[in-house]
Every structure is written in C-alpha cells, then in structure tokens.
Amino acid sequence: MNNELEQQLNQETAQIHWRELQRFFASGNAIAIDTSLDLTHVAAQIAADNATQLKQWMDAGLVDAVKDSQALQWYEANALVWAVVIKPWVLVQPITGKVN
C-alpha cells in the first residue's frame, strides 16, 4: 500500500473520548477496527477501496460497524479510542487499558 498515504493518515489519527464520537455512531458511520490490525493501514485500504482485503477483515470480525454493546461499554468507561476519518466513516480502535 501507499506508504505516503499511510503516513498522512497517521498524522490525522488522534486519541479521542468515545463520547465525543456519539453522533457518528448514531448515524451508523463508526467502524470498529480490531487491535490486532494497524489503524492507518486499514484506513488506507478503505481509502483505496480494496474490497477484497476489507471483506477478509470483515469476514474475520476484525473490521465491523461499532456494535451497540461495544458503544455502551466504551461510553460507560469514558474510553479513549484512536480515531481517523475516511469520509463518511470514522474508524475507531480501542486503546487498551486507557480510561479517563
């Protein structure tokens, strides 16, 4: 994949409290990325419309819409997540052990 794109996406990635992303979740635009994957790599694959790779990740349960139970857990914990925007999506990845 394009390393330049991944570097750019890395610079656009930020830690944010899940509560601040509620409107994206409510509109169905929050995508959960498993912690076993590199967030910027996944974002670059989405930007490149690499359907084959995305389908593999989705079939394996590694990339999927944020589930209600997951959103509630993050909300109640005031969890910090890594986030990056690939319009119209907001990709989120939990930061293990980080709560504020």
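Relevant structure appears above.
Residues numbered from 1 in each chain as written. Predicted model: local features only at pLDDT ≥ 70, side-chain atom pairs only at ≥ 80, totals over all residues. Heavy atoms only, no water.

Novice: Any chance you could explain the overall build of the protein here in plain terms?
Specialist: Counting secondary structure elements, the protein contains five helices and five strands. Projecting the C-alpha coordinates of the protein onto the three principal axes gives extents of approximately 35 × 30 × 25 Å. Out of the 100 residues in the protein, the part that is buried amounts to 37%. A fraction of 74% describes how many contacts in the protein between residues 6 or more apart in sequence connect residues 24 or more apart. Accessible surface computed for the protein: about 6,000 Å², of which carbon and sulfur atoms make up 48%. (Helix = DSSP H or I, 4+ residues; strand = E, 2+ residues; numbered from the N terminus. Buried < 20%, exposed > 50% of the residue type's maximum accessible area, 1.4 Å probe, protein only. Contact = heavy atoms within 4.5 Å. Areas by Shrake-Rupley, 256 points an atom, 1.4 Å probe, with all protein chains shown as cover.)

Novice: What am I meant to see in the packing of aromatic side chains here?
Specialist: To describe a pair of aromatic rings, you give the distance between the ring centres and the angle between the ring planes. All chains considered together, the criterion is met by two aromatic pairs. With 5.9 Å between their ring centres and 65° between their planes, Trp-18 and Phe-25 make a pair best called edge-to-face. Members of the aromatic cluster, each reached through a chain of ring pairs, are Trp-18, Phe-25 and Trp-74. The ring of Tyr-75 carries the charged tip of Arg-19 above its face, separated from the ring centre by 4.5 Å. (Phe/Tyr/Trp six-rings, centres within 6.5 Å; stacked < 30°, edge-to-face > 60°. Lys NZ or Arg CZ within 6 Å of the ring centre and 35° of its normal.)

Novice: What is the right way to look at the packing of helix 3 (residues 39–47) against helix 4 (residues 51–59) in this model?
Specialist: Helix 4 packs onto helix 3 with a crossing angle of 130° between their chain directions and a minimal axis gap of 8 Å. The orientation of helix 3 with respect to helix 4, classified from their angle, is oblique. For the pair helix 3 and helix 4, the crossing hand works out as left-handed. Contacts from His-41, Val-42, Gln-45 and Ile-46 of helix 3 reach helix 4 at Gln-53, Leu-54 and Trp-57. Residue composition of the contact of helix 3 with helix 4, by class: four nonpolar, three polar and no charged. (Axes fitted to C-alpha atoms, helices over the stretch in contact; angles between N-to-C directions. Parallel < 35°, antiparallel > 145°, perpendicular 65-115°, else oblique. Left-handed = near helix turned anticlockwise from the far one by under 90°. Nonpolar A, V, L, I, M, F, W, Y, C, P; charged D, E, K, R; others polar.)

Novice: Sorry if this is basic, but what is going on with the environment of Ala-30 here?
Specialist: Tracing the sequence through the fold places Ala-30 in strand 2 (residues 30–33). Expressed as a C-alpha distance, the spacing of Ala-30 and Ala-83, which sit 53 residues apart in the sequence, is 9.5 Å.

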